[in-house]
Structure formats: structure tokens, C-alpha cells
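What follows is the residue order along each chain.
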Amino acid sequence: MNLLEVEDVTIERSGLPVVRGVSLTVAEGKISVVLGANGAGKTSLLEGISGAVRVSSGQVRLAGQRIEKARPWRRARAGVAHVEQNRTVFRDLSVVDNLRAGCRRDASIEEAFELFPELGKQRSVAAGLLSGGEQQMLVLGRALLGRPKVLLIDEMSLGLAPMVIERLARAVGELAGTGVGVLLVEQFAALALSVADHAYVLARGEVVFQGERAELLDDEELLRALYLGDPTRSQV
Ligand SMILES: Nc1ncnc2c1ncn2[C@@H]1O[C@H](COP(=O)(O)OP(=O)(O)OP(=O)(O)O)[C@@H](O)[C@H]1O
């Protein structure tokens, strides 16, 4: 079942369309990734889904219900969690208090420690003292405790070491395993493709490729172009 459906969505910034007629889906328990160079419109797309920016036209449906006109907090309450690029933690609060801040009554912060035992060993440490990777774990753990249906994750790998990125990717796979639909936006294809079920490539606001992970892995030319940051150069 598709938990998230984005249909023909256009988003404008300063009067210019930066997301143009994009359609994509995220199924229950699956990971869809959106790849694309800097400025391709990935962040704007996620913001349009969570409500941080207005969608000019098209539909966004969560479990079949239209949400593209709903206020951001309503979308969050309906089950859209948005993990933004800047890893926002409450720096002065402990790990436990950061998790409590996002914890629904029917969730337990122990669930976050099961997913990230690393955090369980630092319960009373101020979040600001954690490494970048641990802060990302904290943000993901907190999002999990909000019991989302769909998790939007923006550039989780930014500035992190490959080993840490692999660790996070594994955790995202485990999260999806619980039934959450994940939409992962990444500039770097390797991480995204290691966990993706379905992949989309965005260039200048448009989807220029979509397919199963295997198809993208098979298409060396497209992959190379992705790494060079210009997916429009390949034959798609
Ligand atoms: N607040 C804004 N006002 C005007 N234009 C914006 C704004 N934010 C982004 N843009 C423009 O929208 C386009 C898409 O940006 P967006 O951040 O969505 O792309 P991206 O693929 O996520 O890139 P990045 O990896 O840099 O986040 C870019 O041309 C950018 O300059």
C-alpha cells in the first residue's frame, strides 16, 4: 500500500518553479530515495510535503487523504515526520530530554535506545556534546517516537564519515522494517542506493529517472552522471 503519494506537484520559490510536476510514491515499509545535484529541488520537495512551503499545484496524499493544503502541524499529527538537513537537537538538553520532547504517549524512549544503543550509553549527556553522527541518531530516534507513518529525511549523510553513514543507513532500513514509509533525499547516490527500494532522480525540479534500485545500479552512465552532479547529461 502506498502511504505517501505525490502527484504532479509544482512548488515555486520567489515566483520561479523549483519543483515541476513531480510525482512519486512511498509504500508502507519501503524506502524511496530522491537523488539529485545541489539545487535540483530536493529540499523544496520535502518542504512541500511537510508543509514548510506551499505547493502551487498538484496533490499530496497521506494514506489516501489529501494533505497539500493542511497546516504543517496537522500534517505532522497525521503522521508526516520531517527530519531536516540541519540536525536540530536541543543542544543544552540531555539525550533523554531530547527524546522525551518528541515522544508520544504510546511510545517509549527505550525504543530509540533499541535502535541506537550508542545513545543509550549517553542518556544524560547534553545533545550539543554528541558527535555529528550521534546527533543524527538522536534526531532519527526522536522522529521514531512521534510514531510517524512517513519519515522524510533530508541529506542525512551531510558531513559524516562513511562508517557513520553506513550505520545510519542500516538504522533507516530497520525503521522501514517496522512499517514506516521512508522518503530519503540525498546528494550522494551510494548511501541512498544501498538502502533504496525505489529511486527517483531529480534534475532542475523534474523527475528525469525513476525505477527500482537495481535498474539504477545497472545504468552505469546515469550513475556516473549522478556522481558528477548532472543527471541530465545521461540518456534518460
Ligand atoms: N527560500 C528560497 N527562496 C528562493 N529560492 C530558493 C529558496 N530556497 C531554495 N531556493 C532555490 O530553489 C532551488 C531548489 O533548491 P533546493 O534547496 O530545494 O534544492 P536541493 O536539491 O535540495 O539542493 P540542496 O542540496 O542545496 O539542498 C534552487 O535553485 C534554490 O536556489
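Treat the numbers as computed from the prediction; the structure is a model and nothing was measured.

One side chain can pair with another of opposite charge once the charged atoms of both are near each other. Across all of its chains, the model carries 11 salt bridges by this definition. Note that E118 is salt-bridged to R167, the shortest N-O span being 2.6 Å. With a gap of 49 residues between them, E118 in helix 5 (residues 117-120) and R167 in helix 7 (residues 162-177) connect regions that are remote in the sequence. For R167, a relative accessible area of 14% gives the class buried. The structure contains a network of salt bridges with shared partners spanning E5, E7 and R61.

Right, let's get into the pairing of strand 2 (residues 16-27). With eight bridges joining them, strand 1 (residues 2-13) and strand 2 adopt antiparallel strand pairing. Residue pairing for strand 2: V9 is matched across the bridge by V22. The hairpin formed by strand 1 and strand 2 contains two residues between the paired strands, and S14 there has a positive phi angle of roughly 50°.

A few words on the site of the ligand. As a matter of local geometry, the ligand sits amid 14 residues, with N38, G39, K42, T43 and S44 nearest to it. A40 places a polar main-chain atom, nitrogen or oxygen, 3.0 Å from an oxygen atom of the ligand. Between the ligand and T43, the relevant distance is 2.7 Å, taken from an oxygen atom to a main-chain nitrogen or oxygen of the residue. Within the complex, 60% of the 620 Å² of free accessible area of the ligand lies under protein. With three residues, the single largest contributor to the shell around the ligand is helix 1 (residues 42-50). Considering only residue class, the shell around the ligand consists of three nonpolar, eight polar and three charged.

Next up on the list: the sheet that holds strand 7 (residues 150-154). Reading across from one edge, 6-7-8-3-9-10 is the order of the six strands in this open sheet, with mixed pairing throughout. This sheet does not close on itself; its edge strands, each paired only once, are strand 6 (80-83) and strand 10 (206-212). Geometrically, the sheet is characterised by an average inter-axis angle of 15° between neighbouring strands, direction not taken into account. Here helix 1 sits on the sheet in contact with strand 3 (31-35), strand 6, strand 7, strand 8 (181-186) and strand 9 (198-203), set at roughly 150° to strand 7. Relative to the sheet, helix 6 (residues 132-145) contacts strand 6 and strand 7, its axis offset from that of strand 6 by approximately 170°.

Here the focus is unusual backbone geometry. Of note, the phi angle at R87 is positive, near 50°, even though the residue is not glycine. Inspection of the secondary structure puts R87 in the loop between strand 6 and helix 3 (95-101). Within the chain, R204 stands out as a residue other than glycine whose phi angle is a positive 45°.

Structurally, the protein chain comprises domain 1 (2-79 + 149-233) and domain 2 (86-147). Relative to domain 2, the C-alpha centre of domain 1 lies at a distance of 23 Å. Where domain 1 abuts domain 2, roughly 1,100 Å² becomes buried across the two surfaces, and 65% of that area is made up of carbon and sulfur atoms. Summed over the three residues of domain 1 that lose the most area to domain 2, namely R167, L168 and L175, the buried surface amounts to 41% of that side. Counting every contact that joins domain 1 to domain 2 gives one salt bridge. If you look at where domain 1 meets domain 2, you find six residue pairs in polar contact (both at pLDDT 80 or more). Of all elements in the fold, only helix 2 (72-78), strand 7 and helix 7 reach the threshold of two or more residues within the side of domain 1 that touches domain 2. If you tally residues by element for the side of domain 1 that touches domain 2, the top one is helix 7, at seven residues.

Each value, and the rule that gives it
- Sequence order sets the numbering: in each chain, residues are counted from 1 along the sequence as written.
- Where local features are concerned, this predicted model is filtered to residues with pLDDT of at least 70; where side-chain atom pairs are given and counted, the filter is 80 or more; whole-chain, interface and lining totals use all residues.
- Think of the side-chain values as coming from all heavy atoms in the structure, minus any hydrogens and water.
- A carboxyl oxygen of Asp or Glu within 4 Å of a side-chain nitrogen of Lys or Arg is what we treat as a salt bridge.
- Numbering of helices and strands starts at the N terminus; helices are DSSP runs of H or I of at least 4 residues and strands are runs of E of at least 2.
- Accessibility here uses a 1.4 Å probe with only protein chains present; expressed as a share of the type maximum, an area under 20% marks a residue as buried, one over 50% as exposed, and anything in between as partly exposed.
- Strands pair, by our definition, only if DSSP identifies at least two bridges between them.
- One heavy atom suffices: a residue is near a molecule or strand as soon as one of its heavy atoms comes within 4 Å of it.
- Under this definition, polar contacts are N or O atom pairs within 3.5 Å; protein pairs additionally need one hydrogen-donor-capable and one acceptor-capable atom, and for neighbouring residues in sequence, both atoms have to be side-chain atoms.
- All accessibility values rest on the Shrake-Rupley procedure with a 1.4 Å probe; residue burial counts only the protein chains present in the view.
- Polarity classes work like this: nonpolar for Ala, Val, Leu, Ile, Met, Phe, Trp, Tyr, Cys and Pro, charged for Asp, Glu, Lys and Arg, and polar for all others, with Gly in that last group.
- Helix axes are fitted only over the stretch in contact, all axes being lines through C-alpha atoms; the angle between N-to-C directions runs from 0 to 180 degrees.
- Every residue pair with non-hydrogen atoms within 4.5 Å of one another is taken to be in contact.
- For the domains described, the bounds stem from an automatic or database domain assignment.
- Buried area adds together the accessible area that both of two parts lose upon being put together, with accessible area traced by a 1.4 Å probe.

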